[in-house]
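Residue strings, one per chain:
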Amino acid sequence: MILRLAAGAITLAMLAGCGDDRLQLGEPPLETPVDLLDKALACTPFTHPDKPPVLLVHGTFTAGWEQYDWTYVPLLVERGFDVCVVTYPDRGFGDMQVDAEYVVHALRRIHAESGRKVAMIGHSQGALMPRWALKYWSSARNAVADFVLQAGPNHGTALADVNPLALLPVDVLPVVGGLLGLPEVLFQFARGSNFIAALNAGDETPGDIDYTSLYTVFDELVQPALPVPTAALDLDQGNPKVANLLLQDLCPGRLVDHVTIGLTDRLSFELALDAISEPGPADFQRAGGAALCGLLPIVPDQIVSPAAATALLGIVRQSAEAGLPQLRLRADEPPLKPYAQQDGG
């Protein structure tokens, strides 16, 4: 259903060098080779100029095709959207500063290829990490009209606050970090990390972008949800371009956890659809109001059609070809890139 964008299809990708940054004066250079950035992006043809193209950004532990090819891609295509999926490296266990370069490149490519601003939907790390791209790359920021964040640990998560390696003697940390350390991203998820401090320094919602943050009290990973939700942006600031929506405030008792909010929950999908289809962030009443609370989980037609087996085989094949993630184990948080050091903790 989705096609790889051909390398060199647009001017940005024709430049030699490590990344596609040479036309982006005043921005941090992209350190990731452009061929890797190109291979990470898959899109349907851009044939619906009446709607914004949608970029889907997956969460940790998975890949773009695994999360979206059988869920949001067919549902959005059915509704007349052009859809792209970006897959960042190693199932999201690496440095989010590197992962953000994949989002920067994807947004530049989609904007240039389609001639339209992009609507972005991200889940978990795919909600948090793109904010780094929007903060430090104006070309990415200027390419986005709407950003829907599903279960994004925007101010870190309490579950990542305790580093068990900190209990070890200081003199053995360098050795243990390389042998029995933790994946880089786990340090960055902590509420006190330099990454979170830099990300939220200054404007939390930069650019001419409408932000919709969706979260749930039953999230087993992104906590706290109450009384001060870590997923919220510009909390209680009355920002008209921001909607922070706790799903249980809208539909009391609705059972939505960390996985289903960005995978199969219909309420979350309909709110995302409203956000990318209408002016401003998502509006519960405009999206359907109380009628949304009785909707069953999304089950795309593809799952019950004869094509379902073929689609599943495609997902399995891609996952097998991708292989196992390369874990870069550490005893502490990756250092901030030079461009972000002035914002760090």
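In case you missed it, the structure is sitting above this.
Reading the values: the criteria
Residues numbered from 1 in each chain as written. Predicted model: local features only at pLDDT ≥ 70, side-chain atom pairs only at ≥ 80, totals over all residues. Heavy atoms only, no water. Disulfide = S-S within 2.5 Å. Helix = DSSP H or I, 4+ residues; strand = E, 2+ residues; numbered from the N terminus. Buried < 20%, exposed > 50% of the residue type's maximum accessible area, 1.4 Å probe, protein only. Patch = residues over 30% accessible without salt bridge, like charges linked within 9 Å, V, L, I, M, F, W, Y side chains within 5 Å. Areas by Shrake-Rupley, 256 points an atom, 1.4 Å probe, with all protein chains shown as cover. Salt bridge = Lys/Arg side-chain N within 4 Å of Asp/Glu carboxyl O. Pairing = 2+ DSSP bridges. Axes fitted to C-alpha atoms, helices over the stretch in contact; angles between N-to-C directions. Parallel < 35°, antiparallel > 145°, perpendicular 65-115°, else oblique. Contact = heavy atoms within 4.5 Å. Nonpolar A, V, L, I, M, F, W, Y, C, P; charged D, E, K, R; others polar.

Explain the state of the cysteines to me, using residue names and the numbers behind them.
By definition, a disulfide links the sulfur atoms of two cysteines through a covalent bond. Applying the stated criterion across every chain, the model contains 2 disulfides. Put simply, cysteine 43 and cysteine 84 are joined by a disulfide, and their sulfur atoms are 1.9 Å apart. Disulfide cysteine 43-cysteine 84: the torsion about the S-S bond is 110°, which places it as right-handed. Taken as a pair, cysteine 43 in strand E2 (residues 41–43) and cysteine 84 in strand E4 (residues 83–86) lie far apart in primary sequence, 41 residues in all. Comparing cysteine 43 with cysteine 84, the two get one shared label, buried. The disulfide pattern of the protein chain is 1-2, 3-4 when the bonded cysteines are numbered in sequence order.

Go over a nonpolar patch on the surface with me, naming the residues and quoting the values.
Taken together, the side chains of Phe61, Leu159 and Leu221 make up a nonpolar region of the molecular surface, amounting to roughly 310 Å² of accessible area. Looking at where leucine 159 falls in the secondary structure, it is placed in the loop between strand E6 (144–150) and helix H7 (173–180). Taking relative accessible area as the criterion, leucine 159 reaches 53% and is therefore assigned exposed.

Describe in detail the pairing of E4, supporting the description with residues and values.
Burial of E4 is two-sided: the residues Val83 and Val85 facing one way and the residues Cys84 and Val86 facing the other way are all buried. Where E2 lies against E4, 3 bridges are found, and the strand directions are antiparallel. Of the residues in E4, the one forming a bridge with leucine 41 is valine 86. One ladder, built from 4 bridges, connects strand E3 (residues 54–57) with E4; its direction is parallel. Within E4, the position partnered with valine 54 by the bridge is valine 83.

Talk me through the packing of helix H4 (residues 96–114) against helix H5 (residues 125–136); I want residue IDs and the actual numbers.
Each pair of packed helices can be described by the angle between their axes along with the distance between the axes. Where H4 meets H5, the axes come as close as 8 Å, and the angle between the chain directions of the two elements is 75°. Between H4 and H5, the crossing angle belongs to the class labelled roughly perpendicular. Counting all contacts with H4, which are made through Met96, Gln97, Asp99, Ala100, Val103, Val104 and Leu107, the residues of H5 involved are Gln125, Leu128, Met129, Pro130, Trp132, Ala133 and Leu134. Residue classes in the contact of H4 with H5 are distributed as 11 nonpolar, 2 polar and 1 charged.

Read these as layout, nothing more, since geometry by itself doesn't imply function.
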